[in-house]
Amino acid sequence: MRVSRLYAPTLREVPAEAEVISHQLMLRAGFMRKAAGGIYSYLPLALRVLKKIETIVREEMDRAGAQELLMPIVQPAEMWQESGRWDVYGAEMFRLNDRHSRNFCLGPTHEEMVTTLIRSDVRSYRQLPLNVYQIQNKFRDERRPRFGLMRGREFIMKDAYSFDRDEAGLDSAYKAMYEAYTRIFTRCGLNFRPVEADSGAIGGSGSHEFMVIAESGEAEIVFCSSCSYAANVEKAELKPLETETEEPGTVKQVETPNCKTIAAVCQFLGLPVEKSVKAVAYKSEKGLILCFVRGDHEVNEVKVINTCGVNNLEMASEEDLLNAETVPGFMGPVGLKHDKAVVVADNTVMGMRNFCCGANKVDVHYLNVNPKRDFEPTFTADIRLIQESDPCPHCGAKVTKAKGIEVGQVFKLFTKYSEALKANYLDENGKEKPLVMGCYGVGVSRTMAAAIEQNNDEDGIIWPAAIAPYQVLVVPVNVKDEESNNFAEGLYEQLLQSGIETVIDDRKERPGVKFKDADLIGYPLRIVVGPKTLSEQMLEVKLRKSGEIRMLSLKEDYLADIRSLLNGM
Ligand code: ATP
Ligand code: MG
């Protein structure tokens, strides 16, 4: 490719809406352009990166025994109605009608489609195991599309689905996918970590997310300072803190005028915050949910969703609280009516003694509240959000928090979709059984953005060589100097012929301009050719990553040297 012909329009000014570095750099370096919020055109350089990631994904999927197919993007509503998700998917689903007013959606994911496909073709245990995948655009009308390709409304995903006879089969499919993902992100040159992820109602260790470690990540993860435990904070379990041993005192009400936050109450009463219990109120499709955690703890909404078996949580309104005979700012578990609200207490709360909490009356709190004696929650569960320096659930050492970008997820579905969609097979005894399924996603376009988030400096992108749009840029410093320019052109041809993806900057620009663009786009190697190249018989090669300059002798096998430099990047 010649830079004079390359469609990579670089920008001086970056639109203010580009908040994260990958978005800014992809716009500045001419990788993509916006069509609408969260919807982009990929220009040639970006497409090359995407194809490289896709090739790595395909090779590893094929190696793990998965087979590529391609399913429709436009999906009929009926299969989603059959699985029950047409209504629960909500506003995130792009919906459309055909000319006969039939309902369709643009696929946000393909569990329904693939299960419907497989159920009509797989009848016998002899056809199992089966694992199929596709690479395709997915559509999700995200509440907050942002950060460029990180959270798009149209984005590229690899999604795979495994079908097995039983749980042992699923376990081995899951393990194979987990290992394939580890190889994929390693080959992409990323610093990543698999973490335990929430698996909703299924529970257990049914899911892992692959997180690229980066400050701009929207996901929070914790990992143990001592053992190998790592989890998404949404999932991270917490053992209840030790039960307190104080003798229970007598419950009493105290006036707490205008003390609406737990900090204000504790300060007013001169109590340590660990002796208080605070409330967080949600509304769900099953009604009001009042959650109670220790005053210095936070509620983990995902755990609340799983505990109560609901699909949606939103903050409750003042009116909701008044209907349940409590008041904002003064909520407490004592005296709540279970037919008006689901009451969920964190495990730790149940081990507390003589705590202070709201009395469900304006300006009044209780002192000396004791669980069981004074109230019984609907559910007692771990609903607390893990905090930095909390104990690791496996070994008890302290955990550390970090930010991550979720680039992939593996998930054991078991029979959730096969039962809903009646996808059965006949076992050896002719008995009908539901297929045991897993699903496995890689965010291909998000992986490209994540690679930039992790690999950049003030001059631009630093592509890991395996996914760089091109590997080498040849820069003739003066295209008017015939001898050195001819040499540069010859070198360009030679590199191409030996299979190295190369670009030549043949523009009549000053070297400074060419160097700036080279750094911005992030070619792993830049070779400068000038009159000295010939007189000294040495090639000047700059490594984008370290900024190091290597001089390669033209009298030796410099093509092999270039290849080995690229292999080490
Ligand atoms: P998130 O929690 O970030 O919204 P998700 O868990 O809903 O993602 P999955 O359904 O697990 O996403 O999809 C598989 C992969 O697709 C994710 O791991 C992620 O890499 C990618 N992905 C999901 N949503 C988007 C999006 N809006 N834009 C780009 N990539 C996405
Ligand atoms: Mg996910």
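Residues numbered from 1 in each chain as written. Chains lettered and ligands numbered in written order. Predicted model: local features only at pLDDT ≥ 70, side-chain atom pairs only at ≥ 80, totals over all residues. Heavy atoms only, no water.

Trainee: Got a minute to help me understand the domain arrangement of the chain in this structure?
Mentor: A common way to state how big an interface is: give the accessible area lost once the parts meet. As far as domains go, the chain holds domain 1 (3–237 + 401–453), domain 2 (252–381) and domain 3 (470–567). Contacts between the two partners involve nine residues from domain 1 and, on the opposite side, five residues from domain 2. Carbon and sulfur atoms make up 43% of the surface buried where domain 1 meets domain 2, a total of about 440 Å² over both sides. Three residues stand out in domain 1 for area buried against domain 2, namely Val 88, Asp 198 and Glu 234, and they jointly supply 65% of the buried area on that side. Seen at the junction of domain 1 and domain 2, the total is four residue pairs in polar contact (both at pLDDT 80 or more). (Domains from an automatic or database assignment. Contact = heavy atoms within 4.5 Å. Buried area = accessible area lost by both parts, 1.4 Å probe. Polar contact = N/O pair within 3.5 Å; in protein donor to acceptor, adjacent residues only side chain to side chain.)

Trainee: Is there a simple way to think about the pairing of strand β19 (residues 364–369) in this case?
Mentor: Put simply, side chains in a regular strand alternate between the two faces of the sheet. In terms of burial, β19 is largely enclosed, as five of its six residues are buried. As judged from the four bridges shared by strand β18 (residues 355–361) and β19, these two strands associate in the antiparallel manner. Bridge assignment links Gly 358 to a residue of β19, and that residue is His 365. (Buried < 20%, exposed > 50% of the residue type's maximum accessible area, 1.4 Å probe, protein only. Helix = DSSP H or I, 4+ residues; strand = E, 2+ residues; numbered from the N terminus. Pairing = 2+ DSSP bridges.)

Trainee: Quick question: what am I supposed to make of the coordination of the magnesium ion (ligand 2) here?
Mentor: Metal coordination angles have textbook ideals: 109.5 degrees for a tetrahedral set of four donors and 90 or 180 degrees for an octahedral set of six. Around the magnesium ion (ligand 2), the protein contributes the donor atoms Glu 406 (OE) and Gln 409 (OE1), at 2.0 to 2.3 Å from the metal centre. Take Glu 406: its relative accessible area is 26%, and that puts it in the partly exposed class. (Donors = N, O, S within 2.8 Å, 3.2 Å for Na, K, Ca; no water.)

Trainee: What is the right way to look at helix α12 (residues 444–454) in this model?
Mentor: Every α-helical turn comprises 3.6 residues, leaving residues that sit three or four positions apart pointing alike. With eleven of eleven residues buried, α12 is to be regarded as a mostly interior element. Taken together, the buried positions of α12 are occupied by Val 444, Ser 445, Arg 446, Thr 447, Met 448, Ala 449, Ala 450, Ala 451, Ile 452, Glu 453 and Gln 454.

Trainee: Looking at this model, I keep getting lost on the packing of aromatic side chains. Mind explaining?
Mentor: In the structure shown here, the tally under the stated rule is nine aromatic pairs. Look at Phe 31 and Trp 463: their rings are 5.8 Å apart centre to centre, the planes differ by 35°, and that puts the pair in the tilted class. Pair noted here: Phe 31 is in the loop between α1 (21–28) and β1 (32–36) and Trp 463 is in the loop between β26 (460–461) and β27 (472–476), with a separation of 432 residues, a long-range link. A single burial state applies to Phe 31 and to Trp 463, both of which are buried. Judged by centre distance (6.3 Å) and plane angle (35°), the ring pair of Phe 192 and Phe 210 falls under tilted. Within this pair, whereas Phe 192 is found in strand β9 (residues 192–196), its partner Phe 210 is found in strand β10 (residues 207–213), the two being separated by 18 residues in sequence. Like Phe 192, the residue Phe 210 is buried in the burial classification. One aromatic cluster in this structure is built from Tyr 178, Tyr 181, Phe 185, Phe 192 and Phe 210. Over the face of the ring belonging to Tyr 174 we find Lys 412, whose NZ or CZ atom lies 4.9 Å from the ring centre. The ring of Phe 515 carries Arg 526 above its face, with NZ or CZ at 4.0 Å from the centroid. (Phe/Tyr/Trp six-rings, centres within 6.5 Å; stacked < 30°, edge-to-face > 60°. Lys NZ or Arg CZ within 6 Å of the ring centre and 35° of its normal.)

Trainee: Can you walk me through the side chain of Arg 526 in this structure?
Mentor: Within the element layout of this structure, Arg 526 appears in strand β29 (residues 525–529). Asp 519 is the oppositely charged side chain nearest to the buried, salt-bridge-free Arg 526, at an N-O distance of 4.3 Å. Once residues within four sequence positions are removed from consideration, Arg 526 is found in contact with Leu 473, Val 475, Phe 515, Ala 518, Asp 519, Glu 540, Val 541 and Lys 542. (Lys, Arg positive; Asp, Glu negative; His and termini not counted. Salt bridge = Lys/Arg side-chain N within 4 Å of Asp/Glu carboxyl O.)

Trainee: Looking at this structure, I do not really get the nonpolar core. What am I missing?
Mentor: It is characteristic of soluble globular proteins that their nonpolar side chains tend to be buried jointly. Counting 66 residues, the largest nonpolar core has Phe 31, Met 61, Tyr 181, Phe 185, Tyr 440, Met 448 and Trp 463 as the members making the most contacts within it. Composition of this core by domain shows at least three residues from each of domain 1 (3–237 + 401–453) and domain 3 (470–567). Among residues more than four places away in sequence, those in contact with Phe 31 are Met 26, Ser 41, Tyr 42, Leu 43, Leu 45, Ala 46, Val 49, Ile 461, Trp 463, Pro 469 and Ile 521. Ranked by size, the runner-up nonpolar core spans 27 residues in total, among them Met 79, Tyr 125, Leu 413 and Leu 421. (Core = buried A, V, L, I, M, F, W, Y, C linked by side-chain atoms within 4.5 Å.)

Trainee: Please explain the site of ligand 1 as it appears in this structure.
Mentor: Every one of the 14 residues lining ligand 1 counts as a neighbour, but Arg 140, Glu 142, Arg 151, Gly 152 and Glu 406 are closest to it. Between ligand 1 and the protein, one listed contact pairs an oxygen atom with a side-chain N or O atom of Arg 446 at 3.0 Å. Its free accessible area being 580 Å², ligand 1 has 80% of it covered by the protein chains. Looking at which element gives the most residues to the shell around ligand 1, the answer is strand β21 (residues 399–414), with four residues. (Near = heavy atom within 4 Å. Areas by Shrake-Rupley, 256 points an atom, 1.4 Å probe, with all protein chains shown as cover.)

Trainee: When you look at the sheet that holds strand β17 (residues 342–346) in this model, what are you seeing that I'm missing?
Mentor: Strands sit in the order β16-β14-β15-β17-β20 across an open sheet of five strands; the sheet is mixed. A strand with exactly one partner marks an edge of an open sheet, and here the two such strands are β16 (314–315) and β20 (379–381). As defined by bridge partners, strand β15 (residues 287–294) adjoins β17 across four bridges and the pair is classed as parallel. The residue of β17 that forms the bridge with Ile 289 is Val 342.

Trainee: Before we go on, may I ask you to explain the pairing of β18 in this structure?
Mentor: The buried count for β18 comes to six of seven residues, which makes it a mostly enclosed element. Counted along the chain from β18 to the antiparallel partner β19, the turn is two residues long, and its residue Asp 363 has a positive phi close to 65°.

Trainee: Looking at this model, I keep getting lost on the sheet that holds strand β13 (residues 252–255). Mind explaining?
Mentor: Strand pairing in a sheet is mediated by backbone hydrogen bonds. Such pairs are either parallel or antiparallel. Taken in spatial order, the three strands make up an open sheet running β13-β19-β18, and their pairing is antiparallel. The outermost strands of the open sheet, each flanked by one partner alone, are β13 and β18. The sheet shows a mean angle of 35° between the axes of neighbouring strands, direction not considered. (Axes fitted to C-alpha atoms, helices over the stretch in contact; angles between N-to-C directions.)

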